Amino acid sequence: MYRFAAFAFLLFVGVVFHQSHGIEVNVTDKDKLCLYAKLQLNFTVSYEGNQTIHTNSFKLPENATTDGSECHDNSSTLKLNFGAGHSWSINFIKNGESYHAGLVTFIYNLSDTSYFPGASSNKTMNVSRNASITDVELNTCYSCNSNEMISADQVNMTLSNVLIQAFVINGSMSENITVCAADQPVIPTSPSTTTAAPTPTTPPTPLPTPQTGNYSVESNASVCLLANFGLRIGFKLNQKYHEMNFNPVGANVFGSCGFDSSELMLESEEMIVTFTFFNDTKKFHLHTLNVTVNAGFGFNEVKTNLSLWETNIGSSYMCNKEQNSTITDQLSLYTFNLRVQPFGVQKGVFSTAYECSLDDPSILIPIIVGAALAGLILIVVIAYVIGRRKTHAGYQTL
């Protein structure tokens, strides 16, 4: 990304955005500007109608509100609310001398006929994806005129004419900008014929069992989400597989609790892991996992529509033994001493736990009984064969 100083910044704001139509918002903390955003956002949503699939396109209205937006030392959230229960949000995470965007979440209410005419459902839907806003220097504005399409399930979100500064310092916007890669000029490069020598590979050193972290999220001064686990991430980058343990010591814990979804975000020096849980009124499960590895790798992977750690609302999910889940071809999740409850926490303690099959010894009983019966049958068959041979030997002619 490129940086430009005051003249380019003022020219950019005065000319480009003056000609565009979008939304401009200021988020304040203690009466000081802490997050600025000006952008255009278009949605295209496919949804079920009566015996057919409908597709509707609409723009984020200019009168969207910023309720729910917030600024913290190491993370900020821009939330734009519109219509009857719709919202679009993007969170920003500080990493040393730069920051980047994390999860983009769009919540939409199919019962709002002004946006979803003819919908056969009145459910509130929730989709999440990661934005490609990375490596933005602190005290600069991120600018991107080009279109960025973010696709999630049946939704396409197109961002354009973006000017954002998260982590505004001392309430004043910066005059420097960081330009997105899509807006940068293409510099032709001459082809190279140099062939790199293959590097010898050595087997990785086994990692120790990760330390168990105890995490909680509060809402209205009471605990609404609890999670205890040791965490290891396995990921493939440039055809090479890596594993890293999450270090809970000194980690930052963020999150939110809602009726339909709750979120837990863990941030260490090496990585950021975000868990999004869904509630279908009877059961909850892990729906979305977003992993960003910062420690010299630049790896990011997001997966939605998961169905992990499912159990009844009002219970907690527990799995003490190591649990290995393949999230995508590029990402694996390992948990140890896991116990999680993202909904229905009472008095700040876990509810009765549903134990995973790995922890349940009763599942071994049918296996043991089956193995014993198979062994008994085998013994009977062998004894029968031996008996038959002895019988035939007794009737042989001398």
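Please read these numbers as outputs of a predicted model, since none were measured by experiment.

Undergrad: Describe the overall build of the protein, with residues and values.
TA: When helices and strands are tallied, the protein shows 2 helices and 27 strands. Counting every position in the protein, which comprises 398 residues, the buried fraction comes to 42%. Partitioning the intrachain contacts of the protein with sequence separation of at least 6 by distance along the chain shows that 56% fall at a separation of at least 24. Within the structure as shown, the protein displays about 22,000 Å² of accessible surface, and the carbon and sulfur contribution to it stands at 52%.

Undergrad: Let's hear about the side chain of Thr304: which residues, and what values?
TA: Along the polypeptide, Thr304 turns up in the loop between strand 22 (299–303) and strand 23 (308–312). The class of Thr304 is buried, set by a relative accessible area of 5%. In this structure, Thr304 is in contact with Ser128, Arg129, Asp153, His287 and Thr288, ignoring residues within four places of it in sequence.

Undergrad: Describe in detail the packing of aromatic side chains, supporting the description with residues and values.
TA: Throughout the structure, instances matching the rule amount to 20 aromatic pairs. With a centroid separation of 6.4 Å and an interplanar angle of 55°, the aromatic rings of Phe58 and Phe82 are classed as tilted. Of this pair, Phe58 sits in strand 4 (residues 53–59) while Phe82 is found in strand 6 (residues 75–82), placing the two residues 24 residues apart along the sequence. In terms of burial, Phe58 and Phe82 fall into one category: buried. Site record: aromatic cluster; members linked through ring pairs are Phe43, Tyr47, Phe58, Phe82, Phe106, Tyr108, Tyr115 and Phe116.

Undergrad: Describe in detail the pairing of strand 3 (residues 32–48), supporting the description with residues and values.
TA: Within strand 3, 13 of the 17 residues are buried, which leaves it mostly tucked inside the rest of the structure. Once strand 2 (residues 23–29) ends, the chain turns through 2 residues before running back antiparallel as strand 3, passing Lys30 with a positive phi of about 55°. Two strands pair when backbone bridges link them, and strand 3 and strand 13 (residues 155–166) are joined in this way by 10 bridges, in the antiparallel orientation. Within strand 13, the position partnered with Phe43 by the bridge is Met157. Both strand 3 and strand 4 contribute to a ladder of 7 bridges, which runs antiparallel.

Undergrad: So what's going on with a nonpolar patch on the surface? Residues and values would help.
TA: A grouping of Ile377, Val381, Tyr384 and Val385 is seen on the molecular surface, where their side chains present a nonpolar patch of about 390 Å² in accessible area. Summarising the element assignment, Tyr384 is placed in helix 2 (residues 364–394).

Undergrad: Can you tell me about the confidence of the model for the protein, naming the residues and giving the values?
TA: Here the protein averages 84 in pLDDT, while 84% of its residues score no lower than 70. Predicted confidence is poor over residues 4–20, with pLDDT under 50, and the contacts of this stretch with residues over four places away or in other chains come to 29 contacts.

Undergrad: I'd like a rundown of the state of the cysteines, residues and numbers included.
TA: Considering all chains together, one arrives at 4 disulfides under this definition. Note on cysteine connectivity: Cys34 is disulfide-linked to Cys71, with sulfurs 2.1 Å apart. Classification of the bridge connecting Cys34 and Cys71 rests on its S-S torsion, roughly 75°, and on that basis the disulfide is right-handed. Within this pair, whereas Cys34 is found in strand 3, its partner Cys71 is found in strand 5 (residues 70–71), the two being separated by 37 residues in sequence. Each disulfide pairs two cysteine sulfurs, and for Cys319 the partner residue is Cys356, the sulfurs being separated by 2.0 Å. For the disulfide bridge between Cys319 and Cys356, the dihedral angle about the S-S bond is near 70°, and by the sign convention the bridge is right-handed. Here the residue Cys319 occupies a position in strand 24 (residues 316–319), and Cys356 occupies one in the loop between strand 27 (353–355) and helix 2, the gap between them amounting to 37 residues. Exposure remark for Cys319: the relative accessible area of 0% places this residue in the buried category. Sequence-ordered numbering of the bonded cysteines in the protein gives a pairing of 1-2, 3-4, 5-6, 7-8.

Undergrad: Residue-level account of the pairing of strand 7 (residues 86–95), with values.
TA: Of all 10 residues that make up strand 7, 8 are buried, and the element is covered over most of its length. As judged from the 8 bridges shared by strand 6 and strand 7, these two strands associate in the antiparallel manner. Across the sheet, the residue bridging to Phe82 is His86, located in strand 7. Here 8 bridges tie strand 7 to strand 8 (residues 98–109), and the two strands are oriented antiparallel to one another. Following the sheet pairing, Phe92 is matched in strand 8 by Ala101.

Undergrad: An account of the nonpolar core is needed here, citing residue identities and associated values.
TA: Membership of the largest hydrophobic core comes to 45 residues, with the highest contact counts inside it found for Leu39, Phe43, Trp88 and Phe106. For this core, the secondary-structure elements that each account for two or more residues are strand 2, strand 3, strand 6, strand 7, strand 8, strand 11 (141–144), strand 12 (148–152) and strand 13. Sort the elements by how many residues they give to this core and strand 3 lands first, with 8 residues. Ignoring sequence-local partners within four residues, the contact set of Phe43 consists of Asn56, Ser57, Phe58, Leu60, Phe82, Trp88, Phe106, Asn156 and Met157. If you look at the next biggest cluster of nonpolar residues, it comprises 35 residues, including Met244, Val291, Leu306 and Trp309.

Undergrad: How would you explain the pattern of salt bridges if you had to name every residue and give the values?
TA: Inspection of the entire model under this criterion finds 1 salt bridge. Glu24 is the salt-bridge partner of Lys38, the closest N and O atoms lying 4.0 Å from each other. Remark: Glu24 occurs in strand 2 and Lys38 occurs in strand 3; sequence separation between them is 14 residues. We classify Glu24 as partly exposed; its relative accessible area is 45%.

Undergrad: With reference to specific residues and values, describe the environment of Thr311.
TA: Considering the arrangement of structural elements, one finds Thr311 in strand 23. Taking the relative accessible area as the measure of exposure, Thr311 reaches 6% and is therefore buried. For Thr311 and Ala353, which are 42 residues apart along the polypeptide, the C-alpha to C-alpha distance reads 8.9 Å. When residues no more than four places from it in sequence are discounted, the contact partners of Thr311 are Lys283, Phe284, Ser316, Tyr317 and Tyr354.

Definitions and limits used
- Residues numbered from 1 in each chain as written.
- Predicted model: local features only at pLDDT ≥ 70, side-chain atom pairs only at ≥ 80, totals over all residues.
- Heavy atoms only, no water.
- Helix = DSSP H or I, 4+ residues; strand = E, 2+ residues; numbered from the N terminus.
- Buried < 20%, exposed > 50% of the residue type's maximum accessible area, 1.4 Å probe, protein only.
- Contact = heavy atoms within 4.5 Å.
- Areas by Shrake-Rupley, 256 points an atom, 1.4 Å probe, with all protein chains shown as cover.
- Phe/Tyr/Trp six-rings, centres within 6.5 Å; stacked < 30°, edge-to-face > 60°.
- Pairing = 2+ DSSP bridges.
- Patch = residues over 30% accessible without salt bridge, like charges linked within 9 Å, V, L, I, M, F, W, Y side chains within 5 Å.
- Salt bridge = Lys/Arg side-chain N within 4 Å of Asp/Glu carboxyl O.
- pLDDT = per-residue confidence, 0-100.
- Disulfide = S-S within 2.5 Å.
- Core = buried A, V, L, I, M, F, W, Y, C linked by side-chain atoms within 4.5 Å.

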